[in-house]
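Overview (structure and organization)
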Amino acid sequence: MRIGWLAVPLLAAVLVAAGCGTDAGDHRPRPELVVGSGADPEAKLLAGVYVAALRSYGFAAHAETADDPMARLDSGAFTVVPALTGRELQSLQPGATAMSDAEVYRAMVAALPEGVAAGDYTTAAEDKPVLLVSGSTAKAWGGSDVSADLSTLPKHCAGLVIGAVAGRPAPSAVGACRLPAAREFADDTTMFAAIRAGQLTAGWATTADPGLPADLVTLADGKPALIRAENVVPLYRRNALSDRQLLAINEVAGVLDTAALVDMRRQVAGGADPQSVADGWLAEHPLGR
């Protein structure tokens with residue numbers, strides 16, 4: 001009888017140990033999840049956000065980089081890859097006409113490879129292209145020296161001189177206005193100086209660029225949108241995540257916003273480690289609250 005009584009707690013201990021690191025009710029051990037991204041600091045930061053989200057739910061996860069993260073996701077080498085909805089749609093379906101957040105997301109989901117699915121996109125966090133002009137140009141276009149609408153640009157389409165940082169995607173049109181080829185600059189600072197000097201009518205940046213200068217005017221996009229949406233979204237291997245793992249990455253959508261993205265990118269641009277920055281942000285904005 002004494003042996004039988006001892007066997008009960010020993011068996012319970014074995015079962016508890018077997019369940020460590022797994023979802024409740026699922027005692028199968030799960031491998032460490034790999035969140036993939038490109039090697040640029042912004043992509044590594046987004047990967048860090050989803051690594052932090054998974055770890056906050058108790059799942060082992062780490063980030064890896066690759067030249068083609070989507071190919072690694074498609075092959076199963078990566079489990080999750082953060083993306084921007086518009087860029088992903090353009091990659092999958094060049095010439096797609098969707099512009100608004102919801103339309104771009106739906107079109108992107110429909111175009112994904114069979115083995116890849118999309119989690120929830122961040123409705124409050126975007127990094128879409130944005131045009132900056134000088135205060136004098138904004139006023140001449142009917143705005144003020146601190147605000148103006150992008151919808152006014154097509155009325156001034158003739159003679160536009162547009163700048164962009166080399167390697168940064170830039171739209172070829174705004175509404176009915178087909179834009180001239182952008183003059184390329186080595187960095188934001190040089191391009192912004194060209195706008196101030198009147199050498200450019202406008203220059204392309206993005207909404208989450210931490211270096212947007214206060215003395216230039218951002219042309220605000222309205223409804224209907226004239227620039228394709230670029231919301232953060234986690235792509236993942238279909239059937240590779242448990243319900244709680246999927247919940248962990250989806251909850252980022254309800255917490256991350258553009259202001260936080262700008263702040264984190266500013267820290268990374270200053271030399272901070274992307275994963276440490278992401279961990280710090282999630283510690284201040286815990287999921288599941």
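The protein is annotated in an unreviewed UniProt entry as ABC transporter, substrate-binding protein, QAT family of Mycobacterium parascrofulaceum ATCC BAA-614.

1. What about the packing of helix α4 (residues 85–92) against helix α5 (residues 101–111)?
It is at 9 Å that the axes of α4 and α5 come closest, and there the two elements cross at 40°. When the axes of α4 and α5 are compared, the pair comes out oblique. Judged by the sense of rotation from one axis to the other, the crossing of α4 with α5 is left-handed. In this structure, α4 uses Thr-85, Gly-86, Glu-88, Leu-89 and Leu-92 to contact α5, whose residues at the interface are Val-104, Tyr-105, Ala-107, Met-108 and Ala-111.

2. As for the layout of surface pockets
In this approach the atoms are scanned with a rolling probe the size of a water molecule, which exposes any empty space left behind. Roughly 740 Å³ of internal volume is contained in the largest pocket. Together, 29 residues line the largest pocket, and Asp-40, Ala-43, Ala-83, Leu-84 and Arg-87 are the ones closest to its centre. Taken together, the elements giving at least two residues each to the lining of the largest pocket come down to β1 (33–37), α2 (41–56), α3 (69–75), β3 (80–84), α4 and α9 (258–269). Two domains each provide a minimum of three residues to the lining of the largest pocket, namely domain 1 (33–126 + 229–284) and domain 2 (129–220). In this model, the second largest pocket occupies a volume close to 370 Å³. If you trace the second largest pocket, you find 17 residues lining it, with Gln-90, Ala-170, Pro-171, Ser-172 and Arg-228 closest to the centre.

Cut-offs and rules
- Residues numbered from 1 in each chain as written.
- Predicted model: local features only at pLDDT ≥ 70, side-chain atom pairs only at ≥ 80, totals over all residues.
- Heavy atoms only, no water.
- Axes fitted to C-alpha atoms, helices over the stretch in contact; angles between N-to-C directions.
- Helix = DSSP H or I, 4+ residues; strand = E, 2+ residues; numbered from the N terminus.
- Parallel < 35°, antiparallel > 145°, perpendicular 65-115°, else oblique.
- Left-handed = near helix turned anticlockwise from the far one by under 90°.
- Contact = heavy atoms within 4.5 Å.
- 1 Å grid on protein atoms, 1.4 Å probe; cavity = no way out; pocket = protein on both sides within 12 Å on 5 of 7 lines; lining within 4 Å.
- Points joined across faces, edges and corners; volume = space filled by probe spheres on them.
- Domains from an automatic or database assignment.

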